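Secondary and tertiary structure notes
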Amino acid sequence: MTLFDAPHTLQDEDQIASITKRLKRAHGQLGGVVRMLEEGSSCEDIVIQMAAVSKAINTAAFTLISASLKERLVDPAIDSGPMTEKLQKLFLSLA
């Protein structure tokens, strides 16, 4: 097992707080989407809010990946080849 194969836990408390805040906001937005649907709001309005939720979640995921990458790059013992490949897969999973 290489160092990059080991699971990584984000250590940057500021980034954790930022990502958590964004996800909590998305959670609230998603609740709003459910209410809109139940209350008979227009499809257009619902889809616009769904897109906002999706963007918030994707932004949180990209932030998590980039913060993790930053932490891992400061470790000279990590081979950047496998790390780059794994991060590319993570980014593509969001596409």
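Please refer to the structure placed before this passage.
Here we come to the overall build of the chain. Broken down by element type, the chain carries three helices and zero strands. Shown N-terminal to C-terminal, the secondary structure of the chain runs as helices and strands in the order α-α-α. Summing over all exposed atoms, the chain offers an accessible surface of approximately 6800 Å²; the carbon and sulfur share of this is 61%.

What describes two packed helices is the angle between their axes and the distance between those same axes. Following both chains from N to C, one finds helix α1 (residues 13-38) and helix α2 (residues 43-73) inclined at 165 degrees, their axes separated by 9 Å at the closest point. Between α1 and α2, the crossing angle belongs to the class labelled roughly antiparallel. Crossing of α1 over α2 shows left-handed handedness. Taken together, the residues of the contact of α1 with α2 break down into 16 nonpolar, five polar and two charged.

Right, let's get into α1. In this model, α1 (26 residues) spans 37 Å end to end at C-alpha, consistent with the 38 Å of a helix rising 1.5 Å per residue. Among all positions in α1, only I19, A26, G32, V33 and M36 are buried. The inward-facing, buried residues of α1 abut α2. Between the side-chain oxygen of the N-cap and the backbone nitrogen of D14 there are 3.0 Å, and the N-cap of α1 in question is D12. Positive phi appears at G40, one or two residues downstream of α1, with a value of about 80 degrees.

Thresholds, definitions, all that
- Along every chain, residues carry numbers that run from 1 in the direction the sequence is written.
- Local features in this predicted model are restricted to residues whose pLDDT is 70 or higher, and side-chain atom pairs enter the listing and the counts only when it is 80 or higher, whereas totals over whole chains, interfaces and linings include all residues.
- Hydrogens are left out, water is left out, and the side-chain values use all remaining heavy atoms of the structure.
- Runs of H or I in DSSP of at least four residues are treated as helices and runs of E of at least two as strands, each being numbered from the N terminus.
- Working definition of accessibility: Shrake-Rupley area with a 1.4 Å probe, residue cover restricted to the visible protein chains.
- All axes here are fitted lines through C-alpha atoms, helices being fitted over the stretch that makes contact, and every angle between N-to-C directions spans 0 to 180 degrees.
- Every angle not falling under 35 degrees, over 145, or within 65 to 115 is termed oblique; those three ranges are roughly parallel, roughly antiparallel and roughly perpendicular.
- Crossings are sorted by hand: turned counterclockwise from the far helix by less than a right angle, the near helix makes the crossing left-handed, and turned clockwise it makes it right-handed.
- Polarity classes work like this: nonpolar for Ala, Val, Leu, Ile, Met, Phe, Trp, Tyr, Cys and Pro, charged for Asp, Glu, Lys and Arg, and polar for all others, with Gly in that last group.
- Helices are assigned an expected span. That span is 1.5 Å times one less than the residue count.
- The buried label applies to any residue whose accessible area, calculated with a 1.4 Å probe on protein chains only, is under 20% of its type's maximum; exposed applies above 50%, and partly exposed to all values in between.
- Should any heavy atoms of two residues lie within 4.5 Å, those residues are considered in contact.
- In the analysis that follows, any N or O atom pair within 3.5 Å is treated as a polar contact, provided that within protein one partner can donate a hydrogen and the other can accept it, and provided that, for residues neighboring in sequence, both atoms belong to side chains.

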